[in-house]
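# Working through the structure, step by step
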Amino acid sequence: MPVAPPDAGGLTAGVDEAGRGCLAGPVVAAAVILPAAYDLPYLADSKKLSAARREALAPAIKAQALAWGVGMAWPADIDRINILQATFLAMSRAVRAMGRAVTLLRIDGNKCIPVGYLSRLPALPGQEAVIGGDASVPAISAASILAKTSRDRLMTVFDRQFPGYGFAGHKGYGAAAHLAALRRLGPCRIHRLTFRGVLPEKQRQLGLPGL
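Below is a short write-up of the structure. Everything numeric here is computed off the predicted structure, so don't read it as measured data.

### Topic: the pattern of salt bridges
Following the criterion strictly, the structure yields eight salt bridges and no others. The residue Arg 153 makes a salt bridge to Glu 55 at a minimum N-O spacing of 2.9 Å. Within this pair, whereas Arg 153 is found in helix α5 (residues 138–161), its partner Glu 55 is found in helix α1 (residues 51–64), the two being separated by 98 residues in sequence. Asp 77 is paired through a salt bridge with Arg 93; the nearest N and O atoms lie 3.8 Å apart. A residue pair is termed long-range when its members are at least 10 positions apart, and Asp 77 in helix α2 (residues 75–81) and Arg 93 in helix α3 (residues 83–98) qualify at 16 residues. Look at Arg 93 and you get partly exposed, because its relative accessible area is 28%. A cluster of three or more residues bridged by salt bridges with shared partners is formed by Asp 45, Lys 47 and Asp 134.

Laid out in structure tokens, this is it:
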């Protein structure tokens with residue numbers, strides 16, 4: 001997609017997601033507009049930070065950002081439209097949740113958000129996909145931290161609602177303990193039924209319901 005350079009005085013938002021490869025729970029995206037000057041020590045890719053560091057940074061990012069937003073796409077969305085399209089959906093929801101018009105979206109990875117997902121914005125922003133942006137673009141790093149902390153807290157809530165799966169520990173990823181729980185208990189309402197490992201393979205390929 002062509003990239004539109006920001007206008008003078010325009011706002012640029014960093015966008016990133018968390019939970020794309022999980023077997024359970026939503027994919028969560030965040031969008032952040034940072035001011036020209038900010039004080040966020042240790043700001044970096046969320047995957048390179050400890051959980052304690054992420055939790056300390058998240059409120060500081062929210063306090064200092066010119067705008068921020070979080071958006072989600074749930075397992076039903078993921079199973080219906082696939083994980084890539086659900087990621088775009090979550091990102092578009094995060095951008096809308098900021099409540100600010102932006103000139104440019106800088107998105108972690110190698111893909112921009114399809115225009116159709118942004119059609120509800122007052123004006124279409126330019127977009128730039130930045131490979132490794134979560135480690136090199138501060139606004140994307142900030143977005144990665146908000147997406148990750150928001151999702152982790154949600155999975156801790158789901159751990160209480162759906163006991164036995166260990167969501168508070170593995171956060172829905174395909175850890176050995178999670179796979180063993182799926183074999184023992186079967187999937188619950190927040191599992192992604194189209195993902196390999198959630199349903200027995202023959203049942204998954206046939207598209208049979210798991211709940």
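### Side note on the side chain of His 170
Considering the arrangement of structural elements, one finds His 170 in helix α6 (residues 167–170). Side-chain polar atoms of His 170 contact the backbone oxygen of Tyr 165, separated by 2.5 Å. At 3.2 Å, the side chain of His 170 forms a polar contact with the backbone oxygen of Gly 166. Residues contacting His 170, with those up to four places away along its chain left out, are Tyr 165, Ala 175 and His 178.

### Considerations on the environment of Arg 184
For Arg 184, the position within the fold is in helix α7 (residues 176–185). For Arg 184, a relative accessible area of 56% corresponds to the exposed category. Sequence separation between Arg 184 and Ser 141 is 43 residues; the distance between their C-alpha atoms is 38 Å.

### Quick notes on the environment of Gly 109
Positionally, Gly 109 belongs in the loop between β4 (104–108) and β5 (126–130). In sequence terms Gly 109 and His 170 are 61 residues apart; their C-alpha atoms lie 24 Å from each other. With near-sequence residues (within four places) excluded, Gly 109 lies in contact with Ala 129, Val 130 and Ile 131.

Rules used throughout
- Residues numbered from 1 in each chain as written.
- Predicted model: local features only at pLDDT ≥ 70, side-chain atom pairs only at ≥ 80, totals over all residues.
- Heavy atoms only, no water.
- Salt bridge = Lys/Arg side-chain N within 4 Å of Asp/Glu carboxyl O.
- Helix = DSSP H or I, 4+ residues; strand = E, 2+ residues; numbered from the N terminus.
- Buried < 20%, exposed > 50% of the residue type's maximum accessible area, 1.4 Å probe, protein only.
- Polar contact = N/O pair within 3.5 Å; in protein donor to acceptor, adjacent residues only side chain to side chain.
- Contact = heavy atoms within 4.5 Å.

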